[in-house]
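Residue-level structure breakdown
Next come the chains, spelled out residue by residue.
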Amino acid sequence: MSIPNAALQKLLQEVETQALVSQQKIQQTQAEINAKKREARLNQLTSNELASLTKDTNVYEGVGKMFVAVPSKTVDARLSSESATLKKDIADLDKKLHYQETTFKNSREHIDKILQSGAR
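The structure displayed is predicted, hence computed values, not measured ones. (Residues numbered from 1 in each chain as written. Predicted model: local features only at pLDDT ≥ 70, side-chain atom pairs only at ≥ 80, totals over all residues. Heavy atoms only, no water.)

**What about the nonpolar core?**
Put simply, the test is: We call a set of buried Ala, Val, Leu, Ile, Met, Phe, Trp, Tyr and Cys residues a nonpolar core when their side-chain atoms join them within 4.5 Å. Relative accessibility under 20% of the residue-type maximum defines a buried residue, over 50% an exposed one, and the middle range a partly exposed one, all with a 1.4 Å probe and only protein chains included. Helix numbering and strand numbering both begin at the N terminus, where a helix is a DSSP run of H or I of at least 4 residues and a strand a DSSP run of E of at least 2. Should any heavy atoms of two residues lie within 4.5 Å, those residues are considered in contact.
Core analysis: the biggest nonpolar cluster contains 6 residues, these being Leu8, Leu12, Val15, Ala19, Ile111 and Ile114. Elements with a contribution of two residues or more to this core: helix H1 (5–52) and helix H2 (72–119). Among the elements that make up this core, the one with the highest residue count is H1 (4 residues). Apart from residues lying up to four places away in sequence, Leu12 is in contact with Ile111, Ile114 and Leu115. Counting residues in each nonpolar core, the second largest holds 5 residues, with Val59, Val70, Val75 and Leu79 among its members.

**Observations concerning the side chain of Asn43**
The topology assignment puts Asn43 in helix H1. For Asn43, a relative accessible area of 7% gives the class buried. In this structure, Asn43 is in contact with Leu79, Glu82, Ser83 and Leu86, ignoring residues within four places of it in sequence.

**Comments concerning the pairing of strand E1 (residues 59–63)**
Rules: Only strands joined by at least two bridges in the DSSP assignment are considered to pair.
Of the pairings in the sheet, the one linking E1 to strand E2 (residues 66–70) comprises 5 bridges and is antiparallel in character. Of the residues in E2, the one forming a bridge with Val59 is Val70. Taken together, E1 and the strand that follows it, E2, pair antiparallel across an intervening segment of 2 residues, in which Gly64 is found at a positive phi of about 70 degrees.

**Let's talk about the layout of surface pockets**
As a reminder, the rule being used: Points on a 1 Å grid, built from protein atoms alone, make a cavity when a 1.4 Å probe fits but cannot get out and make a pocket when they are open with protein on both sides within 12 Å along at least 5 of 7 lines; residues with an atom within 4 Å of a point are the lining residues. Grid points are joined across faces, edges and corners, and a volume is the space filled by probe spheres set on the points. Note on residue categories: nonpolar means Ala, Val, Leu, Ile, Met, Phe, Trp, Tyr, Cys or Pro, charged means Asp, Glu, Lys or Arg, and polar means any other residue, Gly included.
Of the volumes computed, that of the largest pocket is approximately 160 Å³. In terms of lining, the largest pocket is formed by Ser47, Leu50, Ala51, Leu53, Thr54, Lys55, Ser72, Lys73 and Asp76. Residue classes in the lining of the largest pocket are distributed as 3 nonpolar, 3 polar and 3 charged.

**Brief notes about H1**
Threshold: To estimate the expected span of a helix, subtract one from its residue number and multiply by 1.5 Å.
The terminal C-alpha atoms of H1 lie 70 Å apart, and with 48 residues this matches the ideal 70 Å at 1.5 Å per residue to within 8%. Those residues of H1 that fall on the buried side of the exposure criterion are Leu8, Leu12, Val15, Ala19, Ser22, Ile26, Thr29, Ile33, Asn43 and Leu50.

**Describing the confidence of the model for the chain**
What counts here: Every residue gets a pLDDT, meaning the predictor's confidence in that residue, from 0 to 100.
Looking at the chain as a whole, the pLDDT averages 88, with 94% of positions reaching at least 70. At the low end of the mean pLDDT range in the chain sits H2, at 89; at the high end sits E2, at 93.

**Observations concerning a nonpolar patch on the surface**
Where we set the bar: Each patch is built from salt-bridge-free residues with over 30% relative accessible area, joining like charges within 9 Å and nonpolar side chains (Val, Leu, Ile, Met, Phe, Trp, Tyr) within 5 Å. For the accessible areas, the method is Shrake-Rupley and the probe is 1.4 Å, while residue cover comes only from the protein chains on display. For this document, the term salt bridge refers to a Lys or Arg side-chain nitrogen within 4 Å of an Asp or Glu carboxyl oxygen.
A cluster of nonpolar side chains, contributed by Val63, Met66 and Val68, occupies part of the molecular surface with about 250 Å² of accessible area. With respect to the secondary-structure elements, Met66 resides in strand E2.

**Focus on the pattern of salt bridges**
All told, the structure shown has 5 salt bridges when counted by the stated rule. Its salt-bridge partner being Arg78, residue Glu82 comes within 2.8 Å of it at the nearest N-O pair. One end of the pair is Glu82 and the other is Arg78, both in helix H2 and 4 residues apart, which spans about a single turn. We note a salt bridge from Glu109 to Lys105, for which the minimum N-O separation is 3.8 Å. Of this pair, Glu109 and Lys105 both sit in helix H2, 4 residues apart, roughly one helical turn. One salt-bridge network, held together by shared partners, links Glu61, Arg78 and Glu82.

Shown next, in the form of C-alpha cells:
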C-alpha cells in the first residue's frame, strides 16, 4: 500500500518542524547548563577564597547598593546550599538535554525513512 504524496509531504513537514523545535530546545538547554556551570564555578572560587581567610576576617555581602557585614560561616553555608542546588539543576538539565537529543535523533531518522519510502 502506498501513501499519497500529499499525506507524505504533510507528515514530512510535521517531523521537520518537530526536529527544528528539538534542535532549538537543545541549544537553549546547553546555554542553561553552561550558565549553571559558570555560576557553580564562581561559587566554588568564592568558597575557596573564604577558606583561605582567617576566622576573624570581616566578610561583606552586597545587598542592593550597600554592603552588610556577615559572619563567614553564614556565607559559606549559603554557598554550600547554592552549590548543592546548582548540582541538582545541572543533573536535571543533563537529563532534559539527553531527552531532547534523543527526540531530535528520532525525528531525523523518521525524516530519512519518509524520504526513502517516497523515493520508491
